[in-house]
Amino acid sequence: MKKHSMLKAVAGAGVLALGIGLAGCAGDRTGGNAGGGEEEAGGIIGVAMPTQQSERWIADGNNVKAQLEELGYQVDLQYANDDIPTQVSQIENMISSGANALIIASIDGTTLTDVLQQAKDADIPVIAYDRLINGTPNVDYYTTFDNYKVGVQQATSLLTGLGVLDASGADTGAAGPFNVELFAGSPDDNNATFFWQGAIDTLQPYLDKGTLVVPSGQTDFGQAAILRWLPETAQERMENILTVIGSTKLQGVLSPYDGLSIGIISALTSGGYSASDLPVVTGQDAEVGSIKSIIAGEQYSTIFKDTRELAKQAVTMVDDIRKGETPQVNDEETYDNGEKIVPSYLLESTIVTKDNYKEILIDSGYYTEADLG
Ligand code: BGC
């Protein structure tokens, strides 16, 4: 059967039936049909997402799926409940079921080396989605946001919330000292160190001159990191810090993700803070719960990363590869995964506060008023 007629035949069938039908045709799963530009793309795309515990990944999964289906692809979308062996076996199943390409948002970026060798052996191209996959040459492209800049934005919004910077980003000369605590993301997520580095580079001059003080003394990534980005772990760490620092009042908390911010705020309110004296707490992902919290004057800021755009980028990369074209990238130096520099397409993120959430999130159609009501 010629490739394009097989792909058409395949297009109407269920994914399971397809898996069986294609099981013996691994050789046909080329990453693209180089030289065959006249052939139609199509096929099955495996989409591996980390967890449904966070809205952002649900939105990512839905967006990727809908956009691929619009282009005529079949989609095998799986969530791994933040469990590494589950994600590995989901990807193995995608490979053995005849996936033509994989889009993967990893849980732990270092644990997919073996399974991606299987993908390579079956000629299946791999796109790392949002999180870099480390330690393997078998990742073809990467799309994400400018993760260092996300960290800079988180720290900048902390400084703005404290009044150290004004709305234009200029130093106000405020001397503080402001007491802040620092949180980082999951150490097995490559993004977490980028966020941290961007934030620390921005805060360091103020830590050095004493405008900012970290009362717990916990200023290392290892001390600040929250494994698997779990809100309850952040809550627990915040509770412990409050115990350690006693009556010292906090004015700010650097939080790299909305889920952590919710846990942190919950520890702060149980620890005696009220709406009027809650510290400036940052975030990331513009999740509904956090936007509501921002509107209510609890959380101060978040970073909006438009998952529609990220999905579009990943889908375009897959579609290009399937059509034998070379995906467009805009960064070929930042994301070294230990085996290669993965060609990347980076998107821009935006700081969101109470002042601009309507314009950024509602006017853009990301949320409706009712979502946030
Ligand atoms: C993503 C963030 C997200 C975090 C927790 C990171 O890899 O880039 O957007 O907040 O994971 O899910």
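Now for a look at the structure at hand. (Residues numbered from 1 in each chain as written. Predicted model: local features only at pLDDT ≥ 70, side-chain atom pairs only at ≥ 80, totals over all residues. Heavy atoms only, no water.)

## Focus on the site of the ligand
Close to the ligand lie Arg 56, Trp 57, Asp 130, Arg 131, Asp 189, Asn 191, Phe 195, Trp 229, Tyr 257, Gln 284, Asp 285 and Lys 305, which account for all nearby residues. Between an oxygen atom of the ligand and a side-chain N or O atom of Arg 56, the distance comes to 2.7 Å. The side chain of Asp 189 places a nitrogen or oxygen atom 2.5 Å from an oxygen atom of the ligand. Relative to its unbound accessible surface of 310 Å², the ligand loses 98% to contact with the protein. (Near = heavy atom within 4 Å. Polar contact = N/O pair within 3.5 Å; in protein donor to acceptor, adjacent residues only side chain to side chain. Areas by Shrake-Rupley, 256 points an atom, 1.4 Å probe, with all protein chains shown as cover.)

## Quick notes on helix 11 (residues 288-295)
Where helix 11 is concerned, the buried positions are Val 288, Ser 290, Ile 291, Ser 293 and Ile 294. Turning to helix 11, the residues buried within the fold contact helix 3 (55-70), helix 10 (258-270), strand 10 (301-304), strand 12 (350-353), helix 13 (357-362) and helix 14 (369-372). Gly 297 occupies a position one or two residues after helix 11 and carries a positive phi of about 80°. (Buried < 20%, exposed > 50% of the residue type's maximum accessible area, 1.4 Å probe, protein only. Helix = DSSP H or I, 4+ residues; strand = E, 2+ residues; numbered from the N terminus. Contact = heavy atoms within 4.5 Å.)

## Remarks on the packing of aromatic side chains
This structure, assessed with the given rule, holds 7 aromatic pairs. Ring centres of Phe 304 and Tyr 366 lie 4.6 Å apart, and the angle between their planes is 75°; this geometry places the pair in the edge-to-face category. In this pair, Phe 304 sits in strand 10 while Tyr 366 sits in the loop between helix 13 and helix 14, placing the two residues 62 residues apart along the sequence. Of the two residues, Phe 304 and Tyr 366, neither departs from the other in class, the shared state being buried. Each residue in the set Tyr 142, Phe 194 and Tyr 335 is aromatic and connected to the rest through ring pairs, giving one cluster. Seen from the ring of Trp 57, Arg 56 lies directly overhead, with NZ or CZ sitting 4.0 Å from the centre. (Phe/Tyr/Trp six-rings, centres within 6.5 Å; stacked < 30°, edge-to-face > 60°. Lys NZ or Arg CZ within 6 Å of the ring centre and 35° of its normal.)

## A short note on the nonpolar core
With 71 residues, the main nonpolar core has Leu 68, Ile 103, Tyr 129, Met 238 and Leu 268 as its most contacted residues. Each of domain 1 (3-139 + 306-342) and domain 2 (147-304) accounts for three or more of the residues forming this core. Grouped together as the second largest cluster of nonpolar side chains are 24 residues, Ala 99, Val 115, Ile 124 and Val 342 included. (Core = buried A, V, L, I, M, F, W, Y, C linked by side-chain atoms within 4.5 Å. Domains from an automatic or database assignment.)

## Side note on the sheet that holds strand 7 (residues 212-213)
Here 4 strands make up an open sheet; going across it, the order is 7-6-8-9 and the pairing parallel. Taken across any chain shown, the strands that pair with only one partner, and hence form the sheet edges, are strand 7 and strand 9 (280-281). Pairing geometry for strand 6 (residues 178-182) and strand 7, over 2 bridges, is parallel. Paired with Phe 178 across the two strands is Leu 212, which belongs to strand 7. (Pairing = 2+ DSSP bridges.)

## A few points about the pattern of salt bridges
Opposite charge on two side chains allows them to pair when their charged atoms are near. For the coordinates displayed, the defined rule picks out 10 salt bridges. Residue Asp 130 pairs with Arg 56 through a salt bridge whose shortest N-O separation is 3.3 Å. Of the two residues, Asp 130 is situated in the loop between strand 4 (126-129) and strand 5 (141-145) and Arg 56 in helix 3; the sequence distance between them amounts to 74 residues. Note on Asp 130: relative accessible area 1%, which makes it buried. When the shortest N-O distance is used, the salt bridge between Glu 69 and Lys 65 registers 2.9 Å. One end of the pair is Glu 69 and the other is Lys 65, both in helix 3 and 4 residues apart, which spans about a single turn. Among the residues examined, Lys 65 registers a relative accessible area of 28% and is labelled partly exposed. Three or more residues are tied together by salt bridges with common partners; here these are Arg 56, Asp 60 and Asp 130. (Salt bridge = Lys/Arg side-chain N within 4 Å of Asp/Glu carboxyl O.)

## Quick word on the sheet that holds strand 2 (residues 74-79)
In spatial order, the strands read 2-1-3-4-5-11; together these 6 strands make up an open sheet with parallel pairing. Each edge of the open sheet is held by one strand with a lone partner, namely strand 2 and strand 11 (344-347). Taking each pair of neighbouring strands and ignoring which way they run, the sheet shows an average axis angle of 15°. As judged from the 3 bridges shared by strand 4 and strand 5, these two strands associate in the parallel manner. Each residue of the ladder has a partner; that of Tyr 129, found in strand 5, is Thr 143. Sheet strands in contact with helix 4 (residues 84-96) are strand 1 (44-49), strand 2 and strand 3 (101-104), and its direction is about 180° off that of strand 1. Of the strands in this sheet, strand 1, strand 3, strand 4, strand 5 and strand 11 are in contact with helix 12 (residues 307-322), which crosses strand 5 at around 165°. (Axes fitted to C-alpha atoms, helices over the stretch in contact; angles between N-to-C directions.)

## Some details on unusual backbone geometry
Omega for the peptide link from Gly 176 to Pro 177 comes to -5°, which places this bond in the cis form. Tracing the sequence through the fold places Pro 177 in the loop between helix 6 (147-162) and strand 6. In the Ramachandran plot, Asn 81 falls in the positive-phi region, its phi being about 55° despite a non-glycine side chain. Among the secondary structure elements, Asn 81 is positioned in the loop between strand 2 and helix 4. According to the relative accessible area criterion, Asn 81 is exposed, its value standing at 56%. Here the phi dihedral of Asp 130 falls at roughly 65°; this positive angle occurs in a residue that is not glycine.

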